[in-house]
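Coordinate inspection notes
Chain residues, written in single-letter form:
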Amino acid sequence: MSMTYLDNAATSFPKPEETYVFMDQFYRTHGVNPGRSGYDLCMETGQLVDDTRKLLARFFNGTDSDRLIFAYNSTDALNLALLGMLSSGDHAITTTVEHNSVLRPLYHLSQHAGVEVDHVPFDANGFVDPDALAARFKPTTRVVAVNHASNVIGTVQPIAEIGRRCREHGIRLVVDASQTAGKIPIDVQAMNVDVLAFTGHKSLMGPTGIGGLYVQEGVEIRQLRAGGTGVRSAQRAHLVEYPWRLEYGTPNVLGIAGLNAGLKWIEKTGLAAIDAHEMRLMRRLVDGLHEVPNVSLYCQDSLDNHIAVMAFNLDGFEAGNTGTILDVDHNIACRTGLHCAPMVHEQLGLDKIHGAVRFGIGPFNTDDDITAAIGAVGEIAAVRAKKMTRTRG
Ligand SMILES: Cc1ncc(COP(=O)(O)O)c(C=O)c1O
């Protein structure tokens, strides 16, 4: 039985063949340190880094590719942004739909840097109401940090509306696009986003260890680290210009090569086609699981403003046990537990039952994968129902 991979919300797997081929080929021929010397190979490697900056900046409709900075992943990028934007006495607003990549840096700032943090709950359908969020604005509010789409319940937040309210009050909007970059269009200008964090290894179809930020012009992020950039080495202080301002040490050339190939694959395939494919499978999955008795779905019925990520539980089963049976008996890979987003589970009351089972659909999933998942959950539910009848009898 071949594995059915439904853990694409954790990381996409497999990657497009182009990602593997280009990483292997580029690193074999150009595995040198970019931007440090003038020999041809070094210049060509630097060119790939710059080209990938340009591709990504264009992909997010940013106006200045120098303001596209590379980091390890979105967690690293969000730390750079939040710790570099907030100071003692500032107020920050976030939501209960966030991943720990936002919650924990903000918690750290609240505990150690005198930053006040508010968490706005999502509504019954999983959306953050821009007016409810704006109602928390204070004269000291500096930053709003919001998830573009939830990695648990899949809802896509009304970023443009939230951004509009932030702009009206001179508040900076930081958006965690970990789950959406490469799945649905992102336009930092139209969506009023000041700082966008992305990770390369999910829907951008690159490898792990690469991510970054797009920082709009006029947005100030303090430097938290300092080190080599390959530029103006005699200068004692770290460079203040982008991209070096927020980049430190030798970049992840292999990761950037993979991201470059992943992006080109997305552009060739088309975001609309990727989204249509994933959401068609998602509709089938949600409808199929609805038909299984004793399944609780934590997913709105309408899939408008949704990505292909959903969570569920089988009544009477701990999520972890369902996951183990899916893995051992059905060879289905998924994620169980709190999915690094504890407040989502707390708000849904799932923290007391150790979270939920999550399926995340990717561009290489097929109808057969969905049939297998619905069939497996159905079988687990049927075995349990039979046992319950016997116990009662
Ligand atoms: C919404 C969200 N934010 C942030 C992250 C963190 O991504 P990374 O581990 O690549 O930093 C994830 C990954 O699971 C996520 O789903």
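Computed from a prediction, not measured in an experiment: that's the story for all the values here.

**Structural notes on the overall build of the chain**
The helix and strand tally for the chain stands at 11 helices and 13 strands. Taking 393 residues into account, the globule formula puts the C-alpha radius of gyration at 21 Å, and the chain, at 22 Å, falls close to it. Summarising its shape, the C-alpha atoms of the chain cover approximately 85 × 55 × 35 Å along the three principal directions. Residues counted as buried form 54% of the 393 residues belonging to the chain.

**Structural notes on the nonpolar core**
Core analysis: the largest hydrophobic core is formed by 54 residues, its most contacted members being Leu56, Phe60, Leu133, Val144, Leu196 and Leu204. Here this core spans two domains, since at least three of its residues come from each of domain 1 (4–13 + 270–392) and domain 2 (17–268). In contact with Val144, other than residues within four places in its own chain, are Ile93, Leu133, Phe137, Ile162, Cys166, Ile171, Arg172, Leu173 and Val174. Residues Leu6, Leu297, Ala319 and Val377 belong to the second largest nonpolar core, which totals 30 residues.

**Looking at helix H7 (residues 253–269)**
Since the α-helix turns once every 3.6 residues, residues separated by three or four places project in the same direction. With 17 residues, H7 extends 24 Å between its outermost C-alpha atoms, agreeing within 8% with the 24 Å of an ideal straight helix rising 1.5 Å per residue. Across the 17 residues that make up H7, a large majority, 12, are buried. Residues of H7 that are buried: Val253, Gly255, Ile256, Ala257, Gly258, Leu259, Asn260, Ala261, Gly262, Leu263, Trp265 and Ile266. In this structure, the buried side of H7 is in contact with helix H1 (17–30), helix H2 (40–59), strand E2 (68–71), strand E7 (195–199) and helix H8 (271–290).

**Quick look at the packing of aromatic side chains**
The final tally for this structure, using the stated rule, is 6 aromatic pairs. Considering the side-chain rings of Tyr5 and Phe13, the 5.4 Å spacing of their centres and the 70° angle between planes classify their relative orientation as edge-to-face. Judged by its relative accessible area of 43%, Phe13 is partly exposed. One aromatic cluster is present, formed by Phe59, Phe60 and Phe198 through successive ring pairs.

Thresholds, definitions, all that
- Residues numbered from 1 in each chain as written.
- Predicted model: local features only at pLDDT ≥ 70, side-chain atom pairs only at ≥ 80, totals over all residues.
- Heavy atoms only, no water.
- Helix = DSSP H or I, 4+ residues; strand = E, 2+ residues; numbered from the N terminus.
- Rg over C-alpha atoms; globule rule 2.2 N^0.38 Å.
- Buried < 20%, exposed > 50% of the residue type's maximum accessible area, 1.4 Å probe, protein only.
- Core = buried A, V, L, I, M, F, W, Y, C linked by side-chain atoms within 4.5 Å.
- Domains from an automatic or database assignment.
- Contact = heavy atoms within 4.5 Å.
- Expected span 1.5 Å × (residues − 1).
- Phe/Tyr/Trp six-rings, centres within 6.5 Å; stacked < 30°, edge-to-face > 60°.

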